[in-house]
Structures are given as C-alpha cells and as structure tokens.
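The primary structure of each chain is shown beneath.
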Amino acid sequence: MASRVTFIGAGNMASAIIGGMIDNGHPATAITATSPSDAFLAPLHERFGIRTNTDNAAAVRDADVVVLAVKPQVMRDVCEGLRDTLQRQRPLVISVAAGLTAESLQAWLGGGLPLVRCMPNTPSLVGAGAAGLYATPEVSAEQRTLASELLEAVGIVEWVEEENLLDAVTAVSGSAPAYFFLMFEAMEEAGVKLGLPAETARRLAIQTALGAARMAQQSDLTPDRLKRNVMSPGGTTERAIEHLEQAGLRGILADAMEACAARAREMAEELGQR
Ligand SMILES: NC(=O)C1=CN([C@@H]2O[C@H](COP(=O)(O)OP(=O)(O)OC[C@H]3O[C@@H](n4cnc5c(N)ncnc54)[C@H](O)[C@@H]3O)[C@@H](O)[C@H]2O)C=CC1
Ligand SMILES: O=C(O)[C@@H]1CCC=N1
C-alpha cells in the first residue's frame, strides 16, 4: 500500500512535490495537504484530487510521513501545534525549510522524532527535481529508504552525512532554479536587442538550456570538454566565453552561492531554538 503523506503547507514547494508524486503514480487519496486558508487548498484539490484539511493536527493523525512545507518564519508555531499528535503518532517527519536546524525542529516538536531535513527544488513539479537529504540518528534504515523513495519519485536524491552541508545544497540546487530563470530573462532581453522577437528568443534560450543539461547528464565528457566542443578556434563561441570569463561570471556565481548559504545560516540563527 502507498504510504500516506501529509504536507503541512500547500504552497510552491509542497505543490511541486505533490504534482511530481501524482505524475509518478502515487495515489491522490494517500496525499493530504493543509493550509489555514481554503484559498490555497481548493486549487490543489481541483488540480490533483488530493485530500485537504485546514486543521494540521487532524491531517497528520493517519500519516506515515509528514512533510513540513511552511515558511521558516511560521515553522515554530506549526511544530508546537503538532507536537502532541506527532509524539503519539511518531511518523517520519521531513522538513523542507531552508536553514532551520534539526536541533530547533526537534526542540519545537518535543524531541526524539525520526526527522529528515530535505532541501528540494521546484522542478520536482516536472519530475526533474534535485534534493539533498540529511537524516537525524532517530531515522531508521526503512525510514531513510521511505524518504529516498518519496523524493526520487520527483527527481534525484543526494544524501549528505553532515547537516551543515544542506546550506551548500541550498546554494547549488535549492535556490538554483532561480539563477537559471534569471539567465533566461537576460538571454531573452539580449536576443531582443539583437533583433529577435521576444518569444523566439525565449523559446530558443530555454530549449538550449534543456539540451545542454541533457547532454551534460548523458555524456561521459566533462562540462569543460563539452564547452570546448562548441568553441571553434577563432569562432563565435570563443569570443562569447572569453567575454564571460573576463567579466567574472565564475566569481559572480561563487559570491552569489556563498551569500545564499550564508543567508541559510543566518536564518537558522534568527529563527532557531530560543
Ligand atoms: N520555493 C522553493 O523553491 C523552495 C522552498 N523551500 C522551503 O519550502 C518551504 C515553503 O516554501 P514555499 O512553498 O516557497 O512557500 P509558500 O509561501 O508558497 O507556501 C507556504 C504554505 O504554507 C501555508 N501555511 C502558512 N501558515 C501555515 C500554518 N500555520 N499551517 C499550515 N500551513 C500554513 C501557506 O498557506 C502556504 O500554503 C520553506 O520553508 C522554504 O524554505 C525549499 C526548497 C525550495
Ligand atoms: O528562497 C528560499 O528561501 C527558499 C529556499 C530555497 C529556495 N527557496
């Protein structure tokens, strides 16, 4: 029987994972999502046919897995509201919140629960997610497998054995879809400046990113080799790449990713156990 999964929070990240799970064959009746307002829940029920509930504690009562998918700022209240039910029920708890440490989450939940911290990303919606997972010592081998299966239904999974590496995962994949969306915007704008209709530039840029990602995934060649295969000596690509390197693209990305990870650490301190 499919595991019963309850999502606390029905926003961008929860709906991306739910959409991916449904596409992958997880029965809609085994998925519940909660939110204080029906405004978030009605579209999810209509789109996916899942169960919905505005009462968090009632929604976790028969769950095998509870995914905490609310904003970090409201996580403490949500956990404290679920504490008694979860301590009785003892399902596998998966938090997808950026920053918040297992120590804080366990303190708010009453301690000792099997808890996985997960950093997913929104391409889970189309089955192309990338998630980093960290298990606390309370998580059994079976529950680790259950967490892997749940996230593998919507993309790839990488386990990290040190919790603080999840901040690096946030920089490399959790936040990273937004870096690529920014690239699409910028390439479309530049394509328009070069004379293309906006729609044409957008479609070409997005398809090219998809093609490059698929090639990099399927090829034995390194990204550097694949890049060089596009660069004819004295040609157009060489000129563009020289420009990107001289303008410091690598350093800009490294700084942005360091800022991303630093913000995750900062959020853990701002919002953590008090
Ligand atoms: N959006 C993204 O790309 C990613 C988000 N995350 C994490 O996912 C979590 C959720 O982020 P988003 O989905 O983007 O936020 P969102 O704002 O789209 O969704 C949050 C949801 O929580 C609900 N909510 C608020 N208070 C609640 C309560 N007391 N009980 C139940 N539900 C409540 C809201 O109604 C909403 O449905 C955050 O902790 C974030 O760090 C992690 C990876 C990627
Ligand atoms: O921006 C954020 O804080 C969340 C976490 C990773 C992606 N979105």
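These numbers come from a predicted model, not from an experiment.

J.: Is there a simple way to explain the site of ligand 1 in this structure?
T.: Close to ligand 1 lie 27 residues; Gly9, Gly11, Met13, Ala97 and Ala98 are nearest. Residues of the shell around ligand 1, tallied by class, amount to 16 nonpolar, 10 polar and 1 charged.

J.: Before we go on, may I ask you to explain the UniProt feature "binding site: NADPH" (unreviewed entry) in the protein in this structure?
T.: UniProt marks Asn56 with the feature "binding site: NADPH" (unreviewed entry), using the numbering shown here. Along the chain, the position of Asn56 falls in helix α3 (residues 56-60). With residues near it in sequence (within four places) discarded, Asn56 still touches Ile8, Thr34, Val78, Gly81 and Leu82.

J.: What should I look at first to understand the pairing of strand β6 (residues 115-119) in this one?
T.: Two faces make up the sheet, and in a regular strand the side chains alternate between them. With 5 of 5 residues buried, β6 is to be regarded as a mostly interior element. Across the two faces of β6 the burial is the same, with Leu115, Arg117 and Met119 and Val116 and Cys118 all buried. Here 3 bridges tie strand β5 (residues 92-95) to β6, and the two strands are oriented parallel to one another. If you follow Ser95 over to β6, its bridge partner there is Arg117. Traced from β5 through helix α5 (residues 102-109) to β6, the parallel crossover comes out right-handed. Pairing of β6 with strand β7 (residues 129-135) involves 4 bridges; the strand directions are antiparallel. Looking across to β7, one finds that Arg117 is bridged to Tyr134.

J.: Honestly, the sheet that holds β7 in this entry has me stumped. Any pointers?
T.: Sheet strands pair via backbone hydrogen bonds, and the direction of the pair is either parallel or antiparallel. Strand order in the open sheet made by the 8 strands is β3-β2-β1-β4-β5-β6-β7-β8, with mixed pairing throughout. Looking at strand neighbours, the two that pair on one side only are β3 (51-53) and β8 (155-159), the edges of this open sheet. Geometrically, the sheet is characterised by an average inter-axis angle of 25° between neighbouring strands, direction not taken into account. Where strand β1 (residues 5-8) lies against strand β2 (residues 31-34), 4 bridges are found, and the strand directions are parallel. Across the sheet, Val5 pairs through a bridge with Ile31, a residue of β2. Packing of α5 onto the sheet brings it into contact with β5 and β6, and relative to β6 it is tilted by some 135°.

J.: I keep staring at the environment of Val67 and nothing clicks. Help me out?
T.: For Val67, the position within the fold is in strand β4 (residues 65-68). A tally of 27 C-beta atoms within 10 Å means that Val67 is categorised as buried. In this structure, the C-alpha to C-alpha distance between Val67 and Thr29, residues 38 residues apart in sequence, is 16 Å. Ignoring sequence-local partners within four residues, the contact set of Val67 consists of Val5, Phe7, Ile8, Ala14, Ile94 and Val96.

J.: Please clarify how helix α4 (residues 72-89) should be interpreted in this entry.
T.: For an α-helix, the turn length of 3.6 residues means that residues three or four places apart are oriented alike. The largest bend along α4 measures about 55° and falls at Arg83. Along α4, the residues classified as buried are Met75, Val78, Cys79, Leu82 and Leu86. Here the buried face of α4 lies against β1, α3, β4, β5 and α5.

J.: What should I look at first to understand the environment of Pro120 in this one?
T.: Inspection of the secondary structure puts Pro120 in the loop between β6 and β7. Look past the residues within four positions of Pro120 in its chain and what remains in contact with it is Met13, Ile17, Val96, Gly129, Ala131, Leu151 and Gly174.

J.: Just checking my understanding: could you explain the environment of Ala216 for this structure?
T.: Note on placement: Ala216 falls in helix α9 (residues 198-218). What makes Ala216 partly exposed here is the crowd of 13 C-beta atoms within 10 Å. C-alpha of Ala216 to C-alpha of Lys227: the two residues are 11 residues apart in sequence and 9.9 Å apart in space. Not counting residues up to four positions away in its chain, the partners in contact with Ala216 are Pro223 and Leu226.

Thresholds applied
- Residues numbered from 1 in each chain as written.
- Chains lettered and ligands numbered in written order.
- Predicted model: local features only at pLDDT ≥ 70, side-chain atom pairs only at ≥ 80, totals over all residues.
- Near = placed C-beta within 6 Å.
- Nonpolar A, V, L, I, M, F, W, Y, C, P; charged D, E, K, R; others polar.
- UniProt positions renumbered as here; feature names shortened; annotations may be inferred.
- Helix = DSSP H or I, 4+ residues; strand = E, 2+ residues; numbered from the N terminus.
- Contact = placed C-beta atoms within 7 Å.
- Buried ≥ 20, exposed ≤ 12 C-beta atoms within 10 Å, placed from the backbone.
- Pairing = 2+ DSSP bridges.
- Right-handed = clockwise from strand over helix to strand, strands pointing away.
- Axes fitted to C-alpha atoms, helices over the stretch in contact; angles between N-to-C directions.
- Bend = angle between axes of the 7 residues up to and from the residue.

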